[in-house]
Amino acid sequence: MTQRAAIPCPECDREKYFEGLCYSCKNRKLREYYESMSRGQILETVENIIAKIETIDKWEEVYKDFSGLLAYQDIDTSKIADAAFQKKIFYPPTLYRNASDEIQDQLIALICTPDCAYAGHILSCLAVVGGEKVRKTFYELEKNPLPWRKNLYVDPSFYASLGGWTFDQAGNKVQLNYETCYSLLEDEQHEDNAVKVAVPKNENCQICNCQTVDILTLNGNDERLSFLGLPGLLKIPICPNCASMCEKTIVRYQIDGASTFEIVEPYTEENYLSSADFKELTTNKLALSVSKKPVYFACGNDDVSIIGGNAEWVQDWQYENCPDCQKKMKLLAALSWDQIMNGSEGTLYVEICTDCSLVVAFHQQT
Ligand SMILES: [Zn+2]
Ligand SMILES: [Zn+2]
Ligand SMILES: [Zn+2]
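These numbers were taken from a predicted model, which means no experiment stands behind them.

### Considering the overall build of the protein
For the protein, the helix and strand inventory stands at ten helices and 15 strands. Relative to the compact-globule value of 21 Å for 366 residues, the protein shows a C-alpha radius of gyration of 22 Å, a close match. Projected onto its principal axes, the C-alpha coordinates of the protein cover approximately 60 × 50 × 50 Å. Here the protein holds 366 residues, and the buried ones make up 51% of them. Considering only contacts within the protein whose residues lie at least 6 apart along the sequence, 56% involve residues at least 24 apart.

This is how it looks when you write it as structure tokens:
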């Protein structure tokens, strides 16, 4: 058998076994296409989404346009929500992000029906709508479940977290994400020290002996990161090998840059990271974006890393309980491994409890 020769991507030289651009360049180009749309093109595309809304479940044109415009143009979805509701389309739930009060009330009326047929979908849509009325409804439905509850695996408070919020046992709202989002993208052009990704440490992992890194170094004094309310240096050390092969990594930080970490339930003691991988990881060119990005920036087609905002969940959305105070943690960052190590799968999610100065990092992949 003859071995097929690798074909380098004409843009980035990445080797693959098909003609044309590699997936990552293709996705980047798609992002740039949506980012560069004019006001007129955006309106026209939104009209087209509305006209063909019933085809969104085909994962083709309409789905691609919707997620592209939501992620890269932060579009108002109120008219799209009207059209979707009329056709009884409840997926993706982000269709309802800017639903009018009227649509919100109709969704609430549906979920308050004892035999609501699409309870999981309606709860997801309402979670994305968010707001006081939704919180009250969810709390009520959690305390006094309706018959549809037995067809679902989890409570309304879990569905709420899909929208980046939840509530405690007394019904008080708990915010699970930051409403500000910056991207981490490759930037060869300029040096920027607001965020550094994967800086090597002079330490080796006690489990697998791999050299460890500060996967994130955040300069909280940078104006862009002021929304985090951490005026200092936050370092998040991990073992780059174990991070994707353990239950989670728990980091205790101080805002003078001192941090320690502990690996919870490692799956193996073997180090699978080659020295070439380690070098690639630690020489990445990721930099914090100059300006804010839409909160759904990570939810487009491109593999991008974010600080703040909403994550694109590889599996089910997951908000950890703080190991110290047990309260729900807040999404601080999501790092796409492929961006820093060519061909690596999955995403590292980083969540924070600022009350306890504690961070949890965990990995998801398909
Ligand atoms: Zn490429
Ligand atoms: Zn390790
Ligand atoms: Zn805590």
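Still to come is the rest of the account.
### Structural notes on the layout of surface pockets
In this structure, the second largest pocket occupies an estimated 630 Å³ of space. Residue assignment for the lining of the second largest pocket shows that the elements contributing at least two residues are α7 (132-143), α8 (156-162), β3 (165-167), β4 (173-175) and β14 (347-353). Grouping the amino acids of the lining of the second largest pocket by side-chain chemistry returns twelve nonpolar, eight polar and eight charged. Two domains share the lining of the second largest pocket, each providing at least three of its residues, namely domain 1 (76-175) and domain 2 (181-364).

### Digging into the side chain of Gln104
Residue position: Gln104 is located in helix α5 (residues 101-111). Contact partners of Gln104, with chain neighbours within four places excluded, come to Leu126, Val129, Gly130, Lys133 and Val134.

### Some remarks on the coordination of the zinc ion (ligand 1)
At this site the zinc ion (ligand 1) is bound by Cys9 (SG), Cys12 (SG), Cys22 (SG) and Cys25 (SG), with donor distances of 2.3 Å. For the zinc ion (ligand 1), the four donor atoms in the first shell make angles of 107 to 113° at the metal, so the coordination geometry reads as tetrahedral. Look at where the donors of the zinc ion (ligand 1) fall in the sequence and you get C-x2-C-x9-C-x2-C. Of this pair, Cys12 sits in the loop between β1 (7-8) and β2 (15-16) while Cys22 sits in the loop between β2 and α1 (23-35), placing them ten residues apart in sequence. Classification of Cys12 as partly exposed rests on a relative accessible area of 34%.

### Brief notes about the packing of α5 against α7
Between α5 and α7, whose axes approach to 11 Å, the crossing angle comes to 5°. Looking at the two axes, α5 sits roughly parallel to α7. Taken together, the residues of α7 that come into contact with α5 (itself represented by Gln104, Asp105, Ile108 and Ile111) are Lys133, Val134, Thr137 and Leu141. Looking at side-chain class alone, the contact of α5 with α7 contains four nonpolar, two polar and two charged residues.

### Focus on the coordination of the zinc ion (ligand 2)
The protein atoms that coordinate the zinc ion (ligand 2) are Cys205 (SG), Cys208 (SG), Cys239 (SG) and Cys242 (SG), at distances of 2.2 to 2.3 Å. Geometry at the zinc ion (ligand 2) is tetrahedral, judged from the four donor atoms that bind it and their angles of 100 to 113° at the metal. Donor residues for the zinc ion (ligand 2) sit on one chain with the sequence pattern C-x2-C-x30-C-x2-C. We classify Cys239 as buried; its relative accessible area is 1%.

### Points about the domain arrangement of the protein
Per the domain assignment, the segments of the protein are domain 1 (76-175) and domain 2 (181-364). Put simply, the middle of domain 1 and the middle of domain 2, counted by C-alpha atoms, are 31 Å apart. Domain 1 puts eleven residues into the contact, and the matching count from domain 2 is six residues. Interface of domain 1 and domain 2: buried area, both sides summed, is about 790 Å²; carbon and sulfur atoms make up 70% of it. Joining domain 1 to domain 2, the criterion identifies zero salt bridges. Our count for the contact surface shared by domain 1 and domain 2 stands at two residue pairs in polar contact (both at pLDDT 80 or more). Counting residues per element, the ones that place at least two in the side of domain 1 that touches domain 2 are α8 and β4.

How each quantity is defined
- Residues numbered from 1 in each chain as written.
- Chains lettered and ligands numbered in written order.
- Predicted model: local features only at pLDDT ≥ 70, side-chain atom pairs only at ≥ 80, totals over all residues.
- Heavy atoms only, no water.
- Helix = DSSP H or I, 4+ residues; strand = E, 2+ residues; numbered from the N terminus.
- Rg over C-alpha atoms; globule rule 2.2 N^0.38 Å.
- Buried < 20%, exposed > 50% of the residue type's maximum accessible area, 1.4 Å probe, protein only.
- Contact = heavy atoms within 4.5 Å.
- 1 Å grid on protein atoms, 1.4 Å probe; cavity = no way out; pocket = protein on both sides within 12 Å on 5 of 7 lines; lining within 4 Å.
- Points joined across faces, edges and corners; volume = space filled by probe spheres on them.
- Nonpolar A, V, L, I, M, F, W, Y, C, P; charged D, E, K, R; others polar.
- Domains from an automatic or database assignment.
- Donors = N, O, S within 2.8 Å, 3.2 Å for Na, K, Ca; no water.
- Tetrahedral: all angles 85-135°; square planar, octahedral: opposite > 155°, others 65-115°.
- Axes fitted to C-alpha atoms, helices over the stretch in contact; angles between N-to-C directions.
- Parallel < 35°, antiparallel > 145°, perpendicular 65-115°, else oblique.
- Buried area = accessible area lost by both parts, 1.4 Å probe.
- Salt bridge = Lys/Arg side-chain N within 4 Å of Asp/Glu carboxyl O.
- Polar contact = N/O pair within 3.5 Å; in protein donor to acceptor, adjacent residues only side chain to side chain.

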